[in-house]
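# Observations on the model geometry
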Amino acid sequence: MAGSVGFTYSFLLIASLFAAASAGNFYRDFDITWGDGRGKILNNGQMLTLSLDKASGSGFQSKNEYLFGRIDMQLKLVPGNSAGTVTAYYLSSQGAAHDEIDFEFLGNVSGQPYTLHTNVFSEGKGGREQQFRLWFDPTADFHTYSILWNPQRIIFSVDGTAIREFKNFESIGVPFPKSQAMRIYSSLWNADDWATQGGRVKTDWSKAPFTASYRNFNANACIWSNGKSSCSSTSASRNNAWLTEELDTTSQARMKWVQKNYMIYNYCTDKQRFPQGLPKECTAL
Ligand SMILES: *[C@@H]1O[C@H](CO)[C@@H](O)[C@H](O)[C@H]1NC(C)=O
């Protein structure tokens, strides 16, 4: 159960002194939590695979809970006819008023593009969906999906290119995830009632098992344990820039370009959905 923490700037100062990079090993950093053998750790902990068949999907979660971090993972998604499959990769705390930062990859029939779905929940409230196409085939090779989460902002990136930023707008009354520690979760499951082309295309079980692969997990993060945040790590390499990181002008321009060319849904422009007015963070500058 993620506790609530009293966050102070002295904590940030201490964190910045000890934050360190940690190159991952799946045995050390994750537990396969469901799927009865369908999730596997391979190559001495360097690779993890999840699979889905008609009977079940599978999933894993991090052993650690994190309170802020820069978390990178490489994923290679279900190839071929992946219609109806959903690969979810996200950070989440627990409980009704939970915080969550989501990447979800919605499969498609062969040759048709995946949808990358993103969302941010704070204090149990989500509804902040933005969806994208990718500028490459995410099933042909591994690509890096990153979440930067610090007290000022959340940045979603793909291969180092920011695609979405959710800023801390507590000053105008929008809750921001900053006091509940989160675990990393991933699962591969079937959602053919809604995922592909609005549920019209069903999963082709003759192509099962469906498999997604993970490698090169890397966390520059503060670990939350026994009511304390410890930003120290076993790794010698120190890198604390993420704690105050923001997008420079070039990265912002690049993000705008991605959003203009690859964004296919944005809750912030969905006026039909919000007839009383768009959410506050959408119109704030
Ligand atoms: C699948 O492909 C169709 C046709 O290109 C597209 O409309 C749809 O958004 C794609 N993705 C999903 C998840 O349905």
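Everything in this summary refers to the structure shown in the same document.

Conventions used here
- Residues numbered from 1 in each chain as written.
- Predicted model: local features only at pLDDT ≥ 70, side-chain atom pairs only at ≥ 80, totals over all residues.
- Heavy atoms only, no water.
- Pairing = 2+ DSSP bridges.
- Helix = DSSP H or I, 4+ residues; strand = E, 2+ residues; numbered from the N terminus.
- Axes fitted to C-alpha atoms, helices over the stretch in contact; angles between N-to-C directions.
- Buried < 20%, exposed > 50% of the residue type's maximum accessible area, 1.4 Å probe, protein only.
- Disulfide = S-S within 2.5 Å.

### Comments concerning the sheet that holds strand β10 (residues 130–132)
Strand order in the open sheet formed by 8 strands is β2-β5-β14-β7-β8-β9-β10-β17, with antiparallel pairing between adjacent strands. Edge strands, defined here as strands with exactly one partner in the open sheet, are β2 (30–34) and β17 (263–266). On average, adjacent strands in this sheet sit at an angle of 15° to one another, irrespective of strand direction.

### Things to note about the pairing of strand β7 (residues 85–92)
In terms of residue burial, β7 counts as a mostly covered element, since 7 of its 8 residues are buried. Sheet analysis places β7 next to strand β14 (residues 183–190), joined by 8 bridges and oriented antiparallel. Within β14, the position partnered with Val-86 by the bridge is Trp-189. Examined bridge by bridge, β7 and strand β8 (residues 100–106) share 7 bridges and lie antiparallel to one another. Its bridge partner being in β8, Leu-91 is matched across the sheet by Ile-101.

### Observations concerning the state of the cysteines
What is meant by a disulfide is a covalent connection between two cysteines, made through their sulfur atoms. Counted under the stated rule, the structure contains 1 disulfide. Disulfide pairing is shown between Cys-268 and Cys-282; the S-S distance is 2.0 Å. Taking the sign of the torsion about the S-S bond as the criterion, the disulfide between Cys-268 and Cys-282, at about -75°, is left-handed. Highlighted residues: Cys-268 in the loop between β17 and α4 (280–283) and Cys-282 in helix α4, separated in sequence by 14 residues. Both residues of the pair, Cys-268 and Cys-282, count as buried.

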